[in-house]
Amino acid sequence: MITMIPCSKLEPHPDNPRKELGDLSELTASIRKQGLLQNLTVVPSPDSPDKYRIVIGHRRFSASGIAGLDELPCIIDTKMTYPEQIAVMMSENIQRNDLTVTERVGGVQMMMDLGMNVGEISGNTGISDTTIRRYAKLAKLNKGGMAQAEQRGATLMQFAEITEIEDDALRQEALEKVGTDEYRNVMYRVRAWRDRKARLPHMVEKLNAFAAEIKKADYSRYSWNQNFYYCDSNVLTKIDEIKRRKGTAYAYIIKESNVELYEERSKHDDAKEQAKREAQERMKARANHEREIAAAFKEMRSEFMKGLSLKGHETDALRFVIWDLTRREYQYCPTTHGCFAEVFLHSEPKEGGTGSIQIDNDAIFQFPEKRLLLGAVLAAYDRIDVGDMSMLDRYSGKPKENTATIRELYDHMECMGYNVSQEERDWLDGSHECFTFPHDEEEDAK
């Protein structure tokens, strides 16, 4: 039987799984025009004898209040148990796909807390047993974190994937990153963590048969032998196949992604290693010295470009701009230092940029024919200038395989009026003193 009940005697159910009612504007407009055409289902309130708690119809109740209705048609159910109330609210919203994953998980957990088993929940809500179990597993995730993740586009399958993560810290990080570009990286680390957990104990057992665990490598005593990675499915076989030298002591260090194996040095090895380290230091010093020289040449070029006049060099300037736009580096990675148009059209340097030329757009556009060409030249140079303009590799100290950009830049700048110094020419052809620094006769002889 339908009973008209004043709105003042109706209250929302405190455990309604649906926390957000959504946009009520259309429903409110419809109720204002036609009245409330569908009744609410309510139960007596356990807190107030003269009030009723809504089980079905929360959106209609809120919209009716906005529309100004004083009383609403209701069916009063006096036999519905509390767990059944939760199940009815769940079923009603799920059938209309109104509940988020977070709300569904909360509803299932609530029914389980009230003593309902999977079969009872399934029978009362119409949700399959499998889905109920999946929601129950998701209940161990932080509800606030789930709600935020859903707003970022996280799916039910991703939530299920996260619940399978055994490590608490990684599980929480995955929940925080799901729905972002960083989620894939987190899941990669999860797989690495699982590989480590599964294989490390067996690796240690095999290594202990011939090596001792150490916490830090003493390079005066040990030299690196090889690495064993947890992600390698054949890692145990590789440990078995190690070719060990008779009478040589071995040690290993457990790292985050691998185990490093070391072998004890012989006296002969110590001398060889010392010579190797000294050679590496020489190459490092050479690279640093060359970079200082390159930086000085870069300043010289930049000073010329700041005062550049294209009078008589218009054609050369146009060739320079076209060369920059058609360079291989530009074609394959146009956004490495900002696209050409972006650099040209913005007078303020980008945050973190290292370009040396600032373009005055106002001045450029006062004289379009000449100034636009000048602006294009400066923008092109500035885009090249932010790159690494040295001739030696900063790590190995050896000559770079490809220095064509530097050489071609000098060719174009010389055509536009730049006077290349003899020191710069020596640097370009490899005869500069920086390529033999430090000046060690033995090293030069090699």
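In this report, the structure presented in the accompanying data block is examined. (Residues numbered from 1 in each chain as written. Predicted model: local features only at pLDDT ≥ 70, side-chain atom pairs only at ≥ 80, totals over all residues. Heavy atoms only, no water.)

## Quick word on the overall build of the chain
Phase 1 of the analysis: Helix and strand counts for the chain stand at 20 helices and nine strands.
Phase 2 of the analysis: In the chain, buried positions account for 39% of the 446 residues.
Phase 3 of the analysis: Pairs at least 24 apart in sequence give 70% of the contacts found in the chain among residues at least 6 apart.
Phase 4 of the analysis: With an accessible surface of roughly 25,800 Å², the chain has 50% of that area assigned to carbon and sulfur atoms. (Helix = DSSP H or I, 4+ residues; strand = E, 2+ residues; numbered from the N terminus. Buried < 20%, exposed > 50% of the residue type's maximum accessible area, 1.4 Å probe, protein only. Contact = heavy atoms within 4.5 Å. Areas by Shrake-Rupley, 256 points an atom, 1.4 Å probe, with all protein chains shown as cover.)

## What to know about the pattern of salt bridges
Phase 1 of the analysis: Using the criterion set out here, one finds 13 salt bridges in the structure.
Phase 2 of the analysis: Its salt-bridge partner being Glu11, residue Arg53 comes within 3.4 Å of it at the nearest N-O pair. Taken together, the residues span a long stretch of sequence, with Arg53 in strand E4 (residues 52-56) and Glu11 in strand E2 (residues 10-11) at a distance of 42 residues. Residues Arg53 and Glu11 agree in their burial class; the two are buried.
Phase 3 of the analysis: Here Arg221 and Glu264 are joined by a salt bridge, their closest N and O atoms 3.2 Å apart. Here Arg221, found in the loop between strand E6 (211-213) and strand E7 (222-229), pairs with Glu264, found in strand E9 (residues 258-264); they are 43 residues apart in sequence, far enough to count as distant.
Phase 4 of the analysis: For Glu264, a relative accessible area of 26% puts it in the partly exposed group.
Phase 5 of the analysis: Through salt bridges with shared partners, one network takes in Glu11, Asp47 and Arg53. (Salt bridge = Lys/Arg side-chain N within 4 Å of Asp/Glu carboxyl O.)

## What to know about the state of the cysteines
Phase 1 of the analysis: For the coordinates displayed, the defined rule picks out zero disulfides.
Phase 2 of the analysis: With no disulfide of its own, Cys7 lies closest to Cys74 among cysteine sulfurs, the gap being 8.2 Å.
Phase 3 of the analysis: Look at Cys7 and you get buried, because its relative accessible area is 16%. (Disulfide = S-S within 2.5 Å.)

## Describing the environment of Tyr52
Phase 1 of the analysis: Relative to the elements of secondary structure, Tyr52 occurs in strand E4.
Phase 2 of the analysis: The class for Tyr52 is partly exposed, based on a relative accessible area of 22%.
Phase 3 of the analysis: Note: C-alpha distance between Tyr52 and Asp77 (25 residues apart in sequence) is 9.9 Å.
Phase 4 of the analysis: Those residues in contact with Tyr52 that sit more than four places away from it in its chain are Ile5, Lys9, Leu10, Glu11, Val42, Val43, Pro44, Ser45 and Ile76.

## As for the side chain of Thr28
Phase 1 of the analysis: Its location among the elements puts Thr28 in helix H1 (residues 25-34).
Phase 2 of the analysis: We classify Thr28 as buried; its relative accessible area is 4%.
Phase 3 of the analysis: Setting aside chain neighbours within four positions, we find Thr28 in contact with Ala63, Ile66 and Ala67.

## Focus: the packing of aromatic side chains
Phase 1 of the analysis: Per the counting criterion, the structure on display carries six aromatic pairs.
Phase 2 of the analysis: Feature note: the residues Phe297, Phe304, Tyr410, Tyr418 and Trp427 constitute an aromatic cluster, connected by ring pairs.
Phase 3 of the analysis: Over the face of the ring belonging to Phe210 we find Arg244, whose NZ or CZ atom lies 4.3 Å from the ring centre. (Phe/Tyr/Trp six-rings, centres within 6.5 Å; stacked < 30°, edge-to-face > 60°. Lys NZ or Arg CZ within 6 Å of the ring centre and 35° of its normal.)

## Comments concerning the sheet that holds E4
Phase 1 of the analysis: The five strands are arranged E1-E5-E3-E4-E2 in an open sheet whose pairing can be described as mixed. The sheet is open, and its two borders are formed by strand E1 (2-6) and E2, each paired with just one other strand.
Phase 2 of the analysis: The pairing of strand E3 (residues 40-44) with strand E5 (residues 71-76) spans three bridges and is classified as parallel. Across the sheet, the residue bridging to Leu40 is Cys74, located in E5.
Phase 3 of the analysis: Packing against the sheet, helix H2 (residues 58-67) makes contact with E2, E3, E4 and E5, and its axis sits at approximately 120° to E4. (Pairing = 2+ DSSP bridges. Axes fitted to C-alpha atoms, helices over the stretch in contact; angles between N-to-C directions.)

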